[in-house]
Amino acid sequence: MSDPAIKTERQLIRPEKDTFLAEENPFEAMMERFDHAAQLLKLDPGLYKVLRNPEKQIITSVPIVRDNGEVEVFTGYRVLYNTSRGPAKGGIRFDLNVTLEEVKALAAWMTWKCALVNIPFGGAKGGVVCDPANNERVMAWIMDTYSMHKRHTVTAVVTGKPVEMGGSLGRREATGRGVMFVTREALARLGMSLKGARVAIQGFGNVGSVSADLLSKEGAVIVAVSDKSGGLYRPQGLDIGDVLKWVRERRHLAGYPQADAIPNDQVLTLDCDVVVPAATENVITRKNAPHIKAKIICEGANGPTTAAADEILEKKGIFVIPDILANAGGVTVSYFEWVQDRGGYFWDEETVNRRLESIMVRSFSEVVTWAERHKVNTRIASYMIAIDRVAAMHRLRGMYA
């Protein structure tokens, strides 16, 4: 039963909107789950208002001088959603279509994600409306610029750096490795083995490609993968090493000769054991959710499933590993990088991977326990754990800002 006080506050802050709007707006979609979890937790109305709003939203102009001497000005966003548990952690999205609402949603997701895996970070996100190539070198530039202002090297100010500049071994593979760990745990919970499990992966960027590689090395059969250029399907399983080589040489999957070409969205509804949406938001909707045949959905991307689709998946009995758990491997190893930079002592890759596995397996177990105890699905259980931990910190620290 919902808490009347929270419902009243919710109506004051955000009047009820059409469900279709929530499917289009990632922040509203995320907040539908937040509201449900907050009601179940009987969250104090004052705390509800605090946690439902970001601490700070910044819109700025980013002037640059092009190689030809012309000046260009890009729009930049930075949202600090909540810093009660520690410094604000969140990367920068460089994309022509990035919006403040999207950045706000990603900052909130990062808040809940860090709390769920119980690392001492708050949540933030940045965005710049442009379309450059983005890689770990950008993180090195940010670290270098900050260090020049501080007049000494400060490696811990940013994560995702090259290993030579204080980055962590295992960071590039961390999100995909986390996907592999929780997929293995979910399969075991259903009495299945990762070895021989049939997996389809939508998205073949860093998360999707690493997930495919690591899952296949553990014995899973990757029957389909896709990227912006289209999808590949081979019922008996793809040679992921060969597919990765093809993409390194040609930068996309299209044209790969050893598999059938299929539409990108068809990957989600193939007959398989596990589907990994690892591309963009809102790809599993009320329209295609009824046609999903997988037993497990492991959300490698942020916000791939709409709230309306969640209800359908739950009725179908599909086990969902929610995004704030499934893709938390990246921020977890970013935390490891921060710890290593601050201590000036760096771990070998085996240590990084072992500690990542420990955190992901523990967090998965906590989510399942909460889901059973409160008789909710795994997504709501994840939000309940995260919100409870952030709220507890506010109760201890007070409301002073």
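Cut-offs applied
Along each chain, the written sequence defines residue order, and numbers are assigned to residues from 1. Under the rules for a predicted model, residues below a pLDDT of 70 receive no local features and side-chain atom pairs below 80 are neither given nor counted, while totals for whole chains, interfaces and linings still include all residues. As a rule here, side-chain values come from all non-hydrogen atoms in the structure, and water together with hydrogens is ignored. Cysteine sulfur pairs qualify as disulfides if the two atoms are within 2.5 Å. Cavity: a set of points on a 1 Å grid over the protein atoms alone where a 1.4 Å probe fits but cannot get out. Pocket: an open set with protein on both sides within 12 Å along at least five of seven lines, its lining residues, like those of a cavity, having an atom within 4 Å of a point. Grid points are joined across faces, edges and corners, and a volume is the space filled by probe spheres set on the points. The secondary structure listing takes helices from DSSP runs of H or I that are at least 4 residues long and strands from runs of E that are at least 2 residues long, numbered from the N terminus. Residues were grouped as follows: Ala, Val, Leu, Ile, Met, Phe, Trp, Tyr, Cys and Pro as nonpolar; Asp, Glu, Lys and Arg as charged; and all remaining residues, including Gly, as polar. For salt bridges, the criterion is a side-chain nitrogen of Lys or Arg within 4 Å of an Asp or Glu carboxyl oxygen. Confidence of the predictor in every single residue is expressed as pLDDT, which spans 0 to 100. Contacts: residue pairs with any heavy atoms within 4.5 Å of one another. Only buried residues count toward a nonpolar core. Its members are Ala, Val, Leu, Ile, Met, Phe, Trp, Tyr and Cys residues joined through side-chain atoms within 4.5 Å. Type-normalised accessible area, obtained with a 1.4 Å probe on protein chains alone, sets the label of each residue: buried when under 20%, exposed when over 50%, and partly exposed for intermediate values. Surface patches are drawn from residues lacking salt bridges whose relative accessible area is over 30%; two like charges belong together within 9 Å, two nonpolar side chains (Val, Leu, Ile, Met, Phe, Trp, Tyr) within 5 Å. In this description, accessible areas are obtained by the Shrake-Rupley approach with a 1.4 Å probe, and a residue is regarded as covered only by the protein chains that are shown. In short, DSSP must find at least two bridges between two strands for them to pair. For helices, the fitted axis covers only the stretch in contact; all axes are lines through C-alpha atoms, and the angles between them, taken along N-to-C directions, range from 0 to 180 degrees.

J.: Please clarify how the state of the cysteines should be interpreted in this entry.
T.: A covalent bond between the sulfur atoms of two cysteines is what we call a disulfide. Under the counting rule described, the total for this entry stands at zero disulfides. Not part of a disulfide, Cys 272 finds its nearest cysteine sulfur in Cys 298, a span of 12 Å.

J.: Help me understand the layout of surface pockets in this model?
T.: The gaps left among the atoms become clear once a water-sized probe is rolled over them. Within this model, the second largest pocket holds a volume of roughly 490 Å³. Every residue lining the second largest pocket is counted, 21 residues in all, and those nearest its centre are Val 62, Ile 92, Phe 94, Val 128 and Val 138. For the lining of the second largest pocket, the secondary structure elements donating two or more residues are β1 (56-65), β2 (71-82), β4 (92-94), β5 (122-128) and α6 (136-150). A per-class count over the lining of the second largest pocket returns 13 nonpolar, six polar and two charged.

J.: Can you help me understand the pattern of salt bridges in this one?
T.: It is possible for side chains bearing opposite charge to pair when their charged atoms get close. Throughout the structure, instances matching the rule amount to 20 salt bridges. Of the charged contacts in the structure, one is a salt bridge between Glu 357 and Arg 184, with a shortest N-O distance of 3.0 Å. Taken together, the residues span a long stretch of sequence, with Glu 357 in helix α13 (residues 349-374) and Arg 184 in helix α7 (residues 174-189) at a distance of 173 residues. Where salt bridges share partners, they join Arg 33, Glu 299, Asp 310, Asp 323 and Arg 379 into one cluster.

J.: What is the right way to read the confidence of the model for the protein from this model?
T.: Close reading of the predicted structure is inappropriate where its pLDDT is low. Across the protein, the average pLDDT comes to 90, with 93% of residues at or above 70. Put simply, helix α1 (residues 4-13) is where the protein has its lowest mean pLDDT, 42, and strand β11 (residues 296-298) is where it has its highest, 98. This stretch, residues 1-22, has a pLDDT under 50; its non-local contacts, to residues over four places away or in other chains, come to 31 contacts.

J.: Could you clarify how one ought to interpret the nonpolar core in this entry?
T.: For soluble globular proteins, nonpolar side chains are generally found buried alongside one another. Counting residues in hydrophobic clusters, the biggest one holds 93 residues, and the most contacted among them are Trp 112, Ile 201, Val 225 and Ile 321. Per element, the largest residue contribution to this core is eleven residues, and it comes from helix α5 (residues 100-116). In this structure Val 225 touches Ile 201, Phe 204, Gly 230, Gly 231, Leu 232, Leu 238, Ile 240, Leu 253 and Val 267, once residues within four positions along its chain are discounted. Formed by 19 residues, the second largest nonpolar core is a distinct cluster that contains Val 267, Leu 268, Cys 272 and Leu 313.

J.: Would you take a moment to explain a nonpolar patch on the surface for this structure?
T.: On the surface, a cluster of nonpolar side chains totalling about 290 Å² of accessible area is made up of Val 65, Val 71 and Val 73. Within the secondary structure layout, Val 65 lies in strand β1.

J.: Is there a simple way to explain the sheet that holds strand β10 (residues 274-277) in this structure?
T.: Note: strands within a sheet are paired through backbone hydrogen bonds, in either parallel or antiparallel orientation. Strand order in the open sheet formed by seven strands is β9-β8-β7-β6-β10-β11-β12, with mixed pairing between adjacent strands. For this open sheet the edge positions go to β9 (260-262) and β12 (319-321), each flanked by a neighbour on one side alone. Sheet twist, expressed as the mean angle between neighbouring strand axes with direction ignored, is 20 degrees. Direction of pairing for strand β8 (residues 230-233) relative to β9: antiparallel, over a ladder of three bridges. The residue of β9 that forms the bridge with Leu 232 is Ala 261. Helix-sheet contacts for helix α8 (residues 206-217) involve β6 (198-202) and β7 (221-227), and the interaxial angle to β6 is about 170 degrees.

J.: Can you help me understand the pairing of β1 in this one?
T.: Within a regular strand, the side chains alternate between the two sheet faces. As paired strands, β1 and β2 are joined by ten bridges and run antiparallel to one another. Directly across from Ile 58, in β2, lies its bridge partner Arg 78. Here β1 folds back onto β2 in antiparallel fashion, the turn holding five residues, of which Gly 69 has a positive phi close to 95 degrees.

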